[in-house]
Amino acid sequence: MFFTVAAFIFGLLVGSFLNVCIYRLPRGQSIVAPPSHCPACGKTLTFIELIPVISFLWQRGRCRRCKTKISWRYLCLELLTGLLFVILYRHFGWPDVLWQAAFYSVLVVIFFIDLDYRLIPNPLVLVLLLLTVAVQFIVRPNSLVEALAGGVLGGGLFLLLAVLSKGGMGGGDIKLMAVLGLWFGWQQALLLIFLAFLSGGSLALLLLFLKKKKRKDAVPFGPFLVLSALIVSMWGEQIIAWYLRFSGLS
Ligand SMILES: [Zn+2]
């Protein structure tokens, strides 16, 4: 119980930092300097204004100086990251939770930036790549071939789709999928791609049906890749085992 609570609190703190990344990276600002400040009046935030969740509730969601409303999304993202860290800790345990949490922290940032800007910044994909290579070499040295096959499969398939659809698939999606393939290995990468197209395609059709979007409007694909990655991390092995049994392949 103690470690679950610790994972939650640590997740809240990391979530607070992820908020900064999501706000600043697309604006081309540094994520370390200057210190956090109110975007409306520029007031530098002090320690008591930086406590995740509590500061927001204490200040009733407003800046202490200029009273400008602070978006609920900051609070939600902190809670979401706290919850995510608990889920990862319960599922993977110690010490795997360390690199899983790092991996998903980057993916949370990618999720929201792609949602807002339809953009997956290269530095984030690079951080994810370095982390993936390190984990594959240090933690899972026995599955390097499988990982490499996943990277080639994921990146190659998306590159092919980009060429065939004449730009329907962005460069960020291709690079992200290549790294996800490297992280998951080719089997789970296939499942991830299937889930992402299933969920992304369903939502696109639904929006088209509800006339919320025109056929030409692109739906950002990154968020679907991130959500599918989480599903594969949680239940990928079971789903693949079930599929192989069901189809008589094993
Ligand atoms: Zn302010």
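Residues numbered from 1 in each chain as written. Predicted model: local features only at pLDDT ≥ 70, side-chain atom pairs only at ≥ 80, totals over all residues. Heavy atoms only, no water.

**Observations regarding the overall build of the protein**
Okay, step 1: From N to C terminus, the protein includes 8 helices and 0 strands.
Okay, step 2: Along the protein, helices and strands appear, N-terminal first, in the series α-α-α-α-α-α-α-α.
Okay, step 3: Rg of the C-alpha trace for the protein: 20 Å, near the compact-globule value of 18 Å for 250 residues, within the 12% margin.
Okay, step 4: Projected onto its principal axes, the C-alpha coordinates of the protein cover approximately 65 × 50 × 30 Å.
Okay, step 5: The proportion of buried residues among the 250 residues of the protein is 40%.
Okay, step 6: In the protein, once contacts between residues fewer than 6 apart in sequence are set aside, the share between residues at least 24 apart is 66%. (Helix = DSSP H or I, 4+ residues; strand = E, 2+ residues; numbered from the N terminus. Rg over C-alpha atoms; globule rule 2.2 N^0.38 Å. Buried < 20%, exposed > 50% of the residue type's maximum accessible area, 1.4 Å probe, protein only. Contact = heavy atoms within 4.5 Å.)

**Section: the side chain of Asp173**
Okay, step 1: Tracing the sequence through the fold places Asp173 in helix H7 (residues 171-209).
Okay, step 2: Notably, Asp173 is buried but unbridged: the nearest opposite-charge side chain belongs to Arg118, and the N-O separation is 10.0 Å.
Okay, step 3: If near-sequence neighbours (up to four positions away) are discounted, Asp173 is found in contact with Asp114, Ile120, Phe158, Phe221, Gly222 and Leu225. (Lys, Arg positive; Asp, Glu negative; His and termini not counted. Salt bridge = Lys/Arg side-chain N within 4 Å of Asp/Glu carboxyl O.)

**Thoughts on the pattern of salt bridges**
Okay, step 1: Under the counting rule described, the total for this entry stands at 3 salt bridges.
Okay, step 2: In this structure, Glu49 engages Arg64 in a salt bridge whose closest nitrogen and oxygen atoms are separated by 3.5 Å. Of the two residues, Glu49 is situated in the loop between helix H1 (2-24) and helix H2 (54-58) and Arg64 in the loop between H2 and helix H3 (72-92); the sequence distance between them amounts to 15 residues.
Okay, step 3: A salt bridge links Asp116 to Arg73; the nearest nitrogen and oxygen atoms lie 2.9 Å apart. Highlighted residues: Asp116 in helix H4 (residues 96-117) and Arg73 in helix H3, separated in sequence by 43 residues.
Okay, step 4: Taking the relative accessible area as the measure of exposure, Arg73 reaches 34% and is therefore partly exposed.
Okay, step 5: If you follow the salt bridges from partner to partner, you end up with Lys43, Glu49 and Arg64 in one network.

**Some words on the domain arrangement of the protein**
Quite often, the size of an interface is put as the accessible area lost when its parts meet.
Okay, step 1: Each domain of the protein was delimited in the assignment, giving domain 1 (1-92) and domain 2 (95-250).
Okay, step 2: One C-alpha centre belongs to domain 1, the other to domain 2; they are set 26 Å apart.
Okay, step 3: Of the residues lining the interface, 17 residues belong to domain 1; the matching set on domain 2 comes to 16 residues.
Okay, step 4: Of the roughly 1,600 Å² buried at the junction of domain 1 and domain 2 (both faces included), carbon and sulfur atoms supply 81%.
Okay, step 5: Summed over the three residues of domain 1 that lose the most area to domain 2, namely Pro26, Leu88 and Phe92, the buried surface amounts to 32% of that side.
Okay, step 6: At the junction of domain 1 and domain 2, the tally comes to 4 residue pairs in polar contact (both at pLDDT 80 or more).
Okay, step 7: Secondary structure elements with two or more residues in the side of domain 1 that touches domain 2: H1 and H3.
Okay, step 8: For the side of domain 1 that touches domain 2, the element with the highest residue contribution is H3, accounting for 10 residues. (Domains from an automatic or database assignment. Buried area = accessible area lost by both parts, 1.4 Å probe. Polar contact = N/O pair within 3.5 Å; in protein donor to acceptor, adjacent residues only side chain to side chain.)

**Overview of unusual backbone geometry**
Okay, step 1: Cis geometry marks the peptide bond from Ala33 to Pro34, where omega comes out at -5°.
Okay, step 2: Topologically, Pro34 is positioned in the loop between H1 and H2.
Okay, step 3: Despite not being glycine, Val53 shows a phi value in the positive range, around 60°.
Okay, step 4: Relative to the helices and strands, Val53 is located in the loop between H1 and H2.
Okay, step 5: Given a relative accessible area of 15%, Val53 falls into the buried group.

**Here we look at helix H8 (residues 222-246)**
Okay, step 1: Over its 25 residues, H8 extends only 30 Å from the first C-alpha to the last, a length that falls short of the 36 Å expected when each residue adds 1.5 Å.
Okay, step 2: Maximal helix bending in H8 amounts to about 75°, located at Trp235.
Okay, step 3: For H8, every residue scored as buried is listed here: Gly222, Pro223, Phe224, Leu225, Val226, Ser228, Ala229, Val232, Ser233, Met234, Gly236 and Ile240.
Okay, step 4: Looking at the packing, one finds that the buried side of H8 touches H3, H4, helix H6 (144-164) and H7.
Okay, step 5: Among the residues trailing H8, Gly248 stands out with phi positive, at a value near 75°. (Expected span 1.5 Å × (residues − 1). Bend = angle between axes of the 7 residues up to and from the residue.)

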